[in-house]
Each structure stands twice: as structure tokens, then as C-alpha cells.
Number of protein chains: 6
Amino acid sequence: MAVVVTDIKRTEKTIVDGFADFGVATVHEAQGRKGLLASYMRPIYRPIHAVGTAVTCEVAPGDNWMIHVAVEQCQAGDILVVTPTSACEDGYFGDLLATSLKARGVRGLIMDAGVRDAAVLTEMQFPVWSKAIYAQGTVKETLGNVNRPLVCAGALVYPGDVIVADDDGVVVLRRDEAASVLEKAQEREANEAGKRVQFERGELGLDIYKMRERLTQKGLKYVRQDEDR
Amino acid sequence: MAVVVTDIKRTEKTIVDGFADFGVATVHEAQGRKGLLASYMRPIYRPIHAVGTAVTCEVAPGDNWMIHVAVEQCQAGDILVVTPTSACEDGYFGDLLATSLKARGVRGLIMDAGVRDAAVLTEMQFPVWSKAIYAQGTVKETLGNVNRPLVCAGALVYPGDVIVADDDGVVVLRRDEAASVLEKAQEREANEAGKRVQFERGELGLDIYKMRERLTQKGLKYVRQDEDR
Amino acid sequence: MAVVVTDIKRTEKTIVDGFADFGVATVHEAQGRKGLLASYMRPIYRPIHAVGTAVTCEVAPGDNWMIHVAVEQCQAGDILVVTPTSACEDGYFGDLLATSLKARGVRGLIMDAGVRDAAVLTEMQFPVWSKAIYAQGTVKETLGNVNRPLVCAGALVYPGDVIVADDDGVVVLRRDEAASVLEKAQEREANEAGKRVQFERGELGLDIYKMRERLTQKGLKYVRQDEDR
Amino acid sequence: MAVVVTDIKRTEKTIVDGFADFGVATVHEAQGRKGLLASYMRPIYRPIHAVGTAVTCEVAPGDNWMIHVAVEQCQAGDILVVTPTSACEDGYFGDLLATSLKARGVRGLIMDAGVRDAAVLTEMQFPVWSKAIYAQGTVKETLGNVNRPLVCAGALVYPGDVIVADDDGVVVLRRDEAASVLEKAQEREANEAGKRVQFERGELGLDIYKMRERLTQKGLKYVRQDEDR
Amino acid sequence: MAVVVTDIKRTEKTIVDGFADFGVATVHEAQGRKGLLASYMRPIYRPIHAVGTAVTCEVAPGDNWMIHVAVEQCQAGDILVVTPTSACEDGYFGDLLATSLKARGVRGLIMDAGVRDAAVLTEMQFPVWSKAIYAQGTVKETLGNVNRPLVCAGALVYPGDVIVADDDGVVVLRRDEAASVLEKAQEREANEAGKRVQFERGELGLDIYKMRERLTQKGLKYVRQDEDR
Amino acid sequence: MAVVVTDIKRTEKTIVDGFADFGVATVHEAQGRKGLLASYMRPIYRPIHAVGTAVTCEVAPGDNWMIHVAVEQCQAGDILVVTPTSACEDGYFGDLLATSLKARGVRGLIMDAGVRDAAVLTEMQFPVWSKAIYAQGTVKETLGNVNRPLVCAGALVYPGDVIVADDDGVVVLRRDEAASVLEKAQEREANEAGKRVQFERGELGLDIYKMRERLTQKGLKYVRQDEDR
């Protein structure tokens, strides 16, 4: 038996939209270096950026039936997160489904499998991260759960979680931690802006971060090449 | 001993050119989801599209000699399809060979190995799908067959078959099936155009494809999140 | 104990800059098809090109501390070459380090691991070749050597060697061989320019390279398709 | 900050030990085809089998410090489940740690990274499933959580869950579902024993599972080879 | 629509059984280095050897229904060759199907996907070559062709072809070429037996194969280490 | 032009043979965690162990000619180390070459490509580490260097270096560092023997290595599960 969970609790919209200015690397650092999906999840075009709330969808290998079911559960501001029950690179998603999601105000797709119609998706500027771009079609035979927690590309995603995704990958934030992560991301960004100015005028990380003493303590030596070995 | 087959029968030009308006996903569906090359065959730039008739060429690992032989067998409207006799990522093909093919009116290259001079090929907009982009050079020592059937990236290709390739991959169509596949692709496209309008105005696949009843029969349940488990 | 070698001998600047007009495929051929890094080293944007002298940096897995140390050893005209002591796809390098390198006149980064902030690096047009683009952060705990010879993506690199990199990959040239390779690259390019004109007007490689006789000697046969088998 | 959770609730021992007679394929089917770790998790010797309760341990890339912390949390009947915070193939675990676990009655190791001393581990017949066998050593610098839920090879594991592992891979069962899965596994096995006898005497799956009618309904045709196409 | 082709023509049994004494490497050389399946096809135990006639079976990803259909088409002396229509590592085949095939005198399985119950298959000594060993189960929903030509792991296989498989991989021989390949394999083996004696008493390949002159012609030089460079 | 370097300096035999009692993990630690070949280099059987002095051999992709040349340079106590100039999985080496090497007292093969006749090599107990086991044959057309330094599976190997290899992989030691590494390996082993006894009687690594204080300083906390979060 498969279940579609309706009326899921979503992270508050003002918090979600607060991440619009931040990259994945910043957000990932801000939440203590966790929640990152595996590196094989790649954007289909560049540059790219999306933030939204997760609607989760489980599909059978080579079978995209449940995506149609999940679309109905999506609202404006959501990002659809799809995982097959076993590894698959088929093209589960193309321009018609993208048109359908876009019509509902959905902000992107995270697909732990393949997508197709990549040229049209790019032209539409509909943000997609996937494991593959591949024309291989799918059938509609097997049920799966919608809006139950699932593991996507190695990361646990709950429905309603925040998804932040860009050229560097995809990160997921728990609903009840998002506000505090947002705050830390803002602090981090402010701090980095100052650092960027220092780096631009030629200061070294060694000095900015005061690393020299600790390097010496750990035993780092400097030798001239003509004296080496 | 190696053989070059001359005077191959090609799919009729009007049929081949009929595929110019169709993507690989559509054509692959139209011929019953067969004939697709493996997902590791990727275009060297995007967007990209090519249709043509296959000239097939077998090469030794790290040896591109037979490509020069195959070029002479190519006519305007052809696509050159090259497979090494064992897996290899060397750069078999670069800007000089592309210039030579272009001068003959050849429409693209399908290379189950590596290519090089990718920047120039992109600038020339010469369509190439390959397993790798890699500068590694090749030698000219070993013979192979030209215009014999071969397996390229997991798909069987006969000389004279139709090749359709785009951002989503590469599909091959038998010479004697191409006309009927073209017809089905045209029907499919017409059908999809109507669907696209429905999706744009917010109708759901669940309703457009009348899936609700069958989902219920298979046992799909809807539950509110606060009642789940 | 870890060592930073200072005052390394670099290939002479006029020689290094002589490679500015050449692609990796040409240079790789000119030095006898050696010195190429593995094909998994890919540029983060295209088209791309860089030439410079190598500063080498060894890092621990998931630890980018030594990159900060290496930056100080970099001069205008250098390319930073980084290898982890065991395989890793973490994002060792982002926009702040790129800003720092750029401020010093460094011409690019060769990273046998991951980088992040890919969108910003692309916007800056700071040339980077890496194994992955990935937001995963790193720590600063473990020492490594700077400016000792190392193996990067399968190729041995000495500090001060010439690095040439483009869309096709990355090649390394020994300091004492660079002048002679440059000369051969120039000859090769001159030769290819002539060939390109011949190919453009439709001449065949079979004739330009006088291959027909040797093919016949090796046993190549031509048969009409209706007579084949 | 990192946390070690002590006094975890474990699945009841009599239930856990009930799985001793079952293979992973049977258990995976019995719980509705979920909970399987990715196929890259392979046993270091064959044949192999282990059942136990999960103690979970998070480690940094190239850093096995927390395994020593986790050992203390292990009891007789446990299986240690280790995941790095980013992908790594280093040899986190060798014969000394195996000796330590064995002394505590621990029944095996599930390592989403590499192990070493494979020859000794095999000789000891200490059951290990890992992503790699590799001599690369690790450091002891970075903290991680012990006995918090984690994702191992794509599957979510809670401390105290049941782990069943054999030549076919590794499956995880929730503590509160284990009893019911055990029951279904027993039924399934009883059912399969009967089937095995039928297959042994030459009966066909087509008849045993009464598939012929449904195949015909779906449109399967039988043709003689001389009449095909 | 899917088709099962019955009454296929098989290679003559005396020829097939003639390959029982030969390894795959010998047979592959004897037929001119063609017909080898890709290197990812690995035996589930070692040492291993099987020869037989191919029965071919096409399956959907994650769906093993057609294997049951194919079993009925198998006779004593056959080897079942299974390919999914898109890449998949699920465990399509386990001990019950092996029992069924064994009861019919089938000699092995070539599976371009995963198998399970590896421990039992090994104990039964039922020869299997596959892409993966994995417990992941499959459904029974989608039709596919049986005994039509297919591409398995990159090689084209016709029903009735000879399959020879051992520790080194799998090779396929066309029905009408098998007799002549057998003859060449016998000659090759006789020749190698003599060579083995020469190698055992310390003669060098350089002399046995008279390579010295050709090496010199190609430009090979010998230098003492103290004179090198 | 290609060169064979003769009369190479080898590490002293008594030092080399001193490593006979040590595993790769121990040796790798003893020399400061460097010199390890990549993890894809795997033994063709287990358990396995070999120590010897390197003879290095460069080959073209799909071409094993130079191995015959290298055999002549091998002496009793050597291990042959072979690297293709571009990535290749062909079966460069089989039972005849193994017979030839064995007749000369050579102790093993490190092949950064494929080998074949794996069943016979296993029966002979001739130790081989390779990237693949694959029947694909090779030609004899292209020259390469013998006994020049080369990069094998990511590690730099000089002729005459010590190779130590076992179930965990392959490590290389410089000729002039081998004696000092041997000493450290002996110390390490003595130290580990004592540790093993402590672990066997149930002592914890936390206490043996006195880790508790440093863990607390870094911030590790212990909490009961019922108080967690």
C-alpha cells in the first residue's frame, strides 16, 4: 500500500525566501556542514539557483507515475524532490511535467535519477538538479509514497524542509532549524564580505585568519629550494 | 583482414529530414522505447541537434586511422558513428577531421570514446556526442571495418540507419522502420502540443490522463499529515 | 613534519607565455604525448585557457589548510596545483581563495578534488580545472608539503614546471624541456594551418597524409555492400 | 559540538536473533522492499552473514577518531554502522579495532568507506561490509556524533535498529517494525521452501505463479522463428 | 506488443561442447578479437566456466517477469542471456530461478543487471555472470521479447549463438562461425602448449616470437642507467 | 624514440626481504602515509602478499609489446610494474607471460590495466594486482620506455624501488628510504602486538591511547537517549 500525505507543514515562507541571497556553500557551512546531497546531483544548466519547500515523492525504477500524483500536492514556493526505490538513470521528467509544475508556481526539481527535454527545460529556465540527462522513457505501473520522509542522494529529506540549490549542489534544512540557520548564514555572509575586501587588496589568509602561529606549532618548516633534501 | 563497405543503402533523405523538428525523447517513444545509446554519450555543447544517416567505423583502442578511411565513405547528410574495439577515452577526433567532415556536408559525429579541440568544435558548431573530451592523442597502426554493423554505446547501428541526437542523447532507427517511426513522432508531437496548453492553464496530469481511478484500484490512499502513522 | 619550499626555480616567463596561443592537444603532441593529467580533470566553464608555472600543494582529505600556505608562495604568472593525499571530492576552494590568488596575479587552479562557488568563479573568469564541483566544506587541521614534486591526476608535477590547460584538459611540461616543446608546438601549428586549408577545400586525409598504400599493404579491402558476405 | 548518545533502546534480542536464519533478499521482501543499503556495500569475504543491533557512528573524511568512541557504546549483539560526512575510501578500520569489537561481542561492521587488514579480518572471520578495501590510513582530529540517526549508503539507520547482512548486501529494519517483519520473513521462507520443491521437479514459474493468463492479457505473443518478421 | 520466439535454431551440440576445454581469452583470440562482453560482467564465484547456446531475454528495469517466460524456452545445454531495456542493478534472479533452470539442464546465466542469493548460487555451483550482486527485488508488470537478438553488455547476441564464459569474462560466437572458431581455438591451444614449455625453461618472448629485429627497426634503444640522460 | 634502461640500481635484497613479514597498511604508516597506489588496484586472488624490487614498463593502450621487452630486464626478486600511456582495461598479461616471469624468479605483477587467464594465474599462485580482469587481447605495434620512472595508479615509481603488496593494496618505497622505513615498520609491529593483547582482553582504545581528555577538550558531550534533543 502507498500513501499520499496531504496538508503537510511547510517552513514559513519569509524564512524560506530569506535564503534567496545565499549560495549552497554558505548555507551548508551555516548549518554545521550537514544536509548536503551527494556530488553526483548536478544542475542541468548554469548559473542556477532555487530555494523552496520540499514535497517528497518516491518512484519505482523506470516508472514516473507517482510524479503526476505529487504534482497535485505541490503549491507555489515548493520544490519537488524525487527518489527512485532503486538506482536508475531513466528520463522521469520532461517539458510537460515542467510546464505543469511551473503553472503551479513550483520553483524547481531535485531528481535522484534522469530527466529529459533538457534543451526545453533550459529555455524555460526551470531549475533542475539530476543524476543524469537521458531520453529513456518510463512506464506508469507502480505506486510509491508522496510526502513521507525519504533519502535523496544520501540526504534525509522531510516534506516541508527547506531546499537551497545552486551551481555547487543541493542542501536540505530541517523546518525547525531553518530560522536559526538563516541567521547564521547572514552573519557568515557579512563576515565574508569584509574578508573579500581584504583579499582583494592582497592580504593573505595566513594573516587574516592568524594561522602562522598554529602552523609553526604543528611543525611546518620553510626551506629554500637549494637547501631542500 | 578489414573491410570497407562502399555504396551502402541509406534511408531516404526526405524521411531523414522529417526528423529535424523532433527531439530524441519523442523519437525514442515513437519507436517503442528502443534504440537509445547509453547515457554516458554526451553532447560537447548545448543546445545541440542533428539528424542524418549512419556511416559506421570501427577503431582500435588509441588508434584513429580508420576514421580517415571512413571520411571518404561519408556523403552530405551523413553522421559518422565510431566505436573502439575496447573501451577507450582517448581524443580520436579534433578540428582537422571536423573540417574535413564539414567540407563533405557531414552533419555530426557519434564517438564512443573521446574527442579533442572541443573549443574549436564548439565554435564551428559541429555537433559531436562523445564519452569524453580529452587531449590524449592516438596512433595510426591498426585496421578496422567501415560500414559493417556495430554496437555503439550499447545500441546496434547498421550503416544507412537514421541517427537523431540532441541534448538528451542519441537514438538510432532502422532504415526500414524510419518512415513509420516518423509518422508516429508526428502524431505524438501533435498530441503533446494539445497537452502542453492544458498543463499551462493548470490542469493536472491526473485528470488529463484520467489516472485517478486506476491509482485507487492499485490501492493509493490519501491521509492528512496529522493522521499519518 | 611538513615542508614549504621557497624560492623555487620557475620556467622562464617568455617561454611560458609562448604557449598562450596553443591548445593542450597541440602541446601534448609536441612533447611526444606525455604529461597529460587524467580525463576526469574538467574545466568549470568553457571556453577556457591558461598557461603558467606550477606551485604545488599537498592537502589532507577534507582539509584545505595548506592552500592558504601555498597562496603566499604564488607569484604573478603561477598556476596553483593541488592534490589530496587520498581521493576526495570536497569543495576545497571557493571565491575568497580565488580573490586572493587573483590579487597576486595567479592565472588558474588545478585541483585534484572539488571546488565550490562555481558561479562566482565563472563570473570572475578565474580558470579552474577540478574533479568535482561540490559545496562540501573542509577543515584546517593537517599539514602537507608545498612546492615538493607531487602526482596530480596521474601526472608528475614539479614546482616551476609549465602548465597548459584548456577545454581538452591539462598538460604539464618539465622546466628544462619547455623551450624545445614550444618550438615543436610552433612547427606543428604551422603545419596544421596548411592542412586545415586543404581539408576545407575537400581534400581527404587519405591523400594529404598519403595513407592509401600502407592501408593496402596492411590488408584493407573495399567491397560493394551487395557483394559483402 | 558533537554528541554521544548513551543507553540507546535496542530491538529485543529474541527478535534480532530470529533473523539468523534469513538472507537479506528474504528480509528485504518481507518488509516491503525498503531499507536496503546501496549496492556498492560489499562483504570483504564470502560466504558471510550477520544480524545485530545498530550502533551508529559519524566520522570526518580520513579521520577514524570517533570509531574509538563508538566502540565503548557497543555491547554484545551489536553491529557498528559508520558513515563519513563526505565520501571517502580510506581504510578507517583494521585488525586492532576488530579485535576490540570482537572482545565486546560485537557481530560485525558496516562501513560506508574503506577498511584495511582485510586478510586478518577474513582469517578472524569478523564480518565486514564496506565500500572499499584500502590501506590508506586516517588521522584523529575531528569529532562526530555517535548514536544519532544517520544515512549509511543511502539508507536511514537509527541506533537500535536491526541490521541483517549477507553476500547480497545489507538491510536495516526499524526497531518497532522488526517483530512484524520477522513474522513475514518466516511465512515467506515457508512458502519458498514449497516452491523450491516444485522447481526442483521441473515445474515452471509460469504455472506455479499462474502467470499465463495475465501475460496473454498484456499482449504476449508466441511465434515460431521461421515465421518471425 | 512483445514476442516470444520458439523453436530457435541452436548451434550444433558437438561444436558447442568442443569449447568446454577452452578459456574465454583463447576463444576471443581465435575469432579475431571480437564478441567480448564488457568488463563489468563478472562471475559471482571463481573458478568458473560454462559453455552453451544462448536463449535471449529482454526485461524492463526492476522487472523480472520475462525471465519466467524465458525459462520455458530453455533446453538442456542452453545459457540464459538477460538484458534490461535500461541500466539497472536490481537482483533479478535468485535461488528459485536457478533451481528451475538447473532442473532443465541449463548451464548458466549471463545477466546484464544484478542477481541475489549469491551464497546459495555459489553453493549450487550454478554459473552466473552479472553486473552486480544485490538483494533489491523486482516486480512483474512489463513485457519484453524473448529470443530476439539483443545487445548484452555491449555485445550483440542472437538466440542460438554459442556463449563461452570463465573467470576472464564472457564471449559470444555466431552460430555459423562457431565451427571455424573452434578449429582455430584448437590450433591456438596446441601452439600455446609448446610455447609454455619454452617459457618454463626460461626462453624469452623476445626470442620465441623473434621480436628483436622489429623492435630495433622501430627505434628501441638500450642504455645503461648511469648513461641515461 | 623509446629507451630500455639496463643495469638499474636495486634496493638491497636483505632490506627488501625484511618486508616479507609486514602488511601494506603497516608499511604505509611506517613511511608517513605516502606511496600508496590508488584503491582501484586489486589483487586477483586472496589472501596474497608480495615484496620485491620494481622493474617499470610503459605500454601503449591495447598494446603489450613492451612487456616482452621488460621481462628480459627482470631478475629474481623483482616485481614488474606496468602502466599504459592512457587508461585501458584490456588483458595485457596472461599465463604465458606469468610462466616466463616465474621462470626468472619474478615475484609478482602490478598492472594499471587488465590481465587475463585469471584462473590459471590463481592456480599458479602468481601474485597479480590489476585494475581489471578481462579477456580482451592486445596488439604489438608501439614502443614505450622500460626502467624509466613512471606513475602507476597515481603513485610515482622508480626502477629499483621496493614494492610491498597484499590484500589491502600496493605501496612503493624509495630505494634510499627503504632501510629506515623497515626499521619503523618493525617498531610499529612490536608496538601493535602489545596493543593487540590489550584489545583482546577488552581494554578500550579510548584508554590505551589516552584519548578521553582531548575529546573533552574538543567538546564531546555524552547524553542519555531519553534526554537527547
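What you see is a predicted model, and the numbers here were worked out from it, not measured in a lab. (Residues numbered from 1 in each chain as written. Chains lettered and ligands numbered in written order. Predicted model: local features only at pLDDT ≥ 70, side-chain atom pairs only at ≥ 80, totals over all residues. Heavy atoms only, no water.)

**Details of the interface of chain A and chain B**
Then, number 1: Each partner contributes to the interface: chain A provides 40 residues, whereas chain B provides 38 residues.
Then, number 2: Here chain A meets chain B over a buried area of about 3500 Å², counting both sides, of which 56% is carbon and sulfur.
Then, number 3: A per-residue breakdown of the area chain A buries against chain B is headed by W65(A), L96(A) and Y134(A), which together make up 17% of the total.
Then, number 4: Counting across the interface, chain A meets chain B through seven salt bridges.
Then, number 5: Residue R214(B) is joined to E141(A) by a salt bridge in which the shortest nitrogen-to-oxygen separation is 3.0 Å.
Then, number 6: Run the count over chain A and chain B and you get 20 residue pairs in polar contact (both at pLDDT 80 or more). (Contact = heavy atoms within 4.5 Å. Buried area = accessible area lost by both parts, 1.4 Å probe. Salt bridge = Lys/Arg side-chain N within 4 Å of Asp/Glu carboxyl O. Polar contact = N/O pair within 3.5 Å; in protein donor to acceptor, adjacent residues only side chain to side chain.)

**Focus: the packing of helix α6 (residues 178-200) of chain E against helix α4 (residues 95-103) of chain F**
Then, number 1: Closest axis-to-axis distance for the α6(E)/α4(F) pair is 8 Å, and the angle between their directions is 15°. Taken together, the axes of α6(E) and α4(F) lie roughly parallel to each other. Pair α6(E) / α4(F) crosses with right-handed handedness. For the pair α6(E) and α4(F), the contacting residues are E192(E), K195(E), R196(E), F199(E) and E200(E) in the first and D95(F), L96(F), T99(F), S100(F) and A103(F) in the second. (Axes fitted to C-alpha atoms, helices over the stretch in contact; angles between N-to-C directions. Helix = DSSP H or I, 4+ residues; strand = E, 2+ residues; numbered from the N terminus. Parallel < 35°, antiparallel > 145°, perpendicular 65-115°, else oblique. Left-handed = near helix turned anticlockwise from the far one by under 90°.)

**Considering unusual backbone geometry**
Then, number 1: Between R46(A) and the following residue, P47(A), the backbone shows a cis peptide bond with an omega angle of -5°.
Then, number 2: For P47(A), the position within the fold is in the loop between β2 (42-43) and β3 (49-59).
Then, number 3: If you check the backbone angles, N147(D) has positive phi at about 65° while not being a glycine.
Then, number 4: Along the chain, N147(D) falls in the loop between β6 (128-133) and β7 (150-152).
Then, number 5: Residue class for N147(D) comes out buried when judged on its relative accessible area of 4%. (Buried < 20%, exposed > 50% of the residue type's maximum accessible area, 1.4 Å probe, protein only.)

**Some words on the interface of chain D and chain A**
Then, number 1: Each side of the interface is counted separately: chain D has six residues, and chain A has six residues.
Then, number 2: Carbon and sulfur atoms supply 54% of the area that chain D and chain A bury against each other, a total of about 450 Å² over both sides.
Then, number 3: Here chain D is connected to chain A by two salt bridges.
Then, number 4: A salt bridge links E141(A) to K218(D), with the shortest nitrogen-to-oxygen separation between them at 3.5 Å.
Then, number 5: Counting across the interface, chain D meets chain A through zero residue pairs in polar contact (both at pLDDT 80 or more).

**So, the relation of the copies chain D and chain A**
Then, number 1: Mapping chain D onto chain A calls for a rotation angle of 180° and an axial translation of 0.0 Å; the resulting RMSD is 0.0 Å. The transformation relating the two chain copies, once decomposed into turn and shift, fits a two-fold axis. Minimal C-alpha separation from the rotation axis in chain D is found for G154(D), amounting to 2.3 Å.
Then, number 2: When you check the interface residues of chain D against chain A, 100% turn up at the interface there too, and the contact is symmetric in its surfaces. (Least-squares fit on C-alpha atoms with pLDDT ≥ 70 in both.)

**A short note on the side chain of H28(D)**
Then, number 1: As for its position among the elements, H28(D) is in helix α2 (residues 24-30).
Then, number 2: The buried category is assigned to H28(D), whose relative accessible area is 0%.
Then, number 3: Ignoring sequence-local partners within four residues, the contact set of H28(D) consists of R33(D), K34(D), L36(D), V171(D), R116(E), A135(E), Q136(E) and G137(E).

**Notes on the pairing of strand β4 (residues 78-84) of chain B**
All names here are of chain B.
Then, number 1: Burial within β4 is extensive, with seven of its seven residues counted as buried.
Then, number 2: Going residue by residue along β4, you find D78, L80, V82 and P84 tucked away on one face and I79, V81 and T83 tucked away on the opposite face as well.
Then, number 3: Pairing of strand β3 (residues 49-59) with β4 involves seven bridges; the strand directions are parallel. Looking at β4, one finds that V55 is bridged to L80.
Then, number 4: Strand direction decides the pairing type here: β4 and strand β5 (residues 109-115), joined by three bridges, are parallel. Residue L80 lies in a different strand from β5, and its bridge partner there is L109.
Then, number 5: The β-α-β motif built from β4, the intervening helix α4 (residues 95-103) and the parallel element β5 has right-handed crossover chirality. (Pairing = 2+ DSSP bridges. Right-handed = clockwise from strand over helix to strand, strands pointing away.)

**A closer look at the side chain of T83(B)**
All names here are of chain B.
Then, number 1: Looking at the element boundaries, T83 is found in strand β4.
Then, number 2: At 3.3 Å, the side chain of T83 forms a polar contact with the backbone oxygen of V151.
Then, number 3: Aside from chain neighbours lying at most four places away, what touches T83 is C57, E58, V59, D112, L150, V151 and C152.

**Digging into the state of the cysteines**
All names here are of chain F.
Then, number 1: In the structure shown here, the tally under the stated rule is zero disulfides over all chains.
Then, number 2: Not engaged in a disulfide, the cysteine C152 finds its nearest cysteine sulfur in C57; these two sulfurs lie 11 Å apart.
Then, number 3: Judged by relative accessible area, C152 falls into the buried class, the value being 0%. (Disulfide = S-S within 2.5 Å.)

**As for the environment of K102(E)**
Residue and element names in this part refer to chain E.
Then, number 1: Summarising the element assignment, K102 is placed in helix α4 (residues 95-103).
Then, number 2: Expressed as a C-alpha distance, the spacing of K102 and Y134, which sit 32 residues apart in the sequence, is 21 Å.
Then, number 3: Those residues in contact with K102, other than ones at most four positions away along the chain, are M124 and F126.
Then, number 4: In this structure the side chain of K102 is engaged in a polar contact, spanning 2.8 Å, whose partner is the backbone oxygen of M124.

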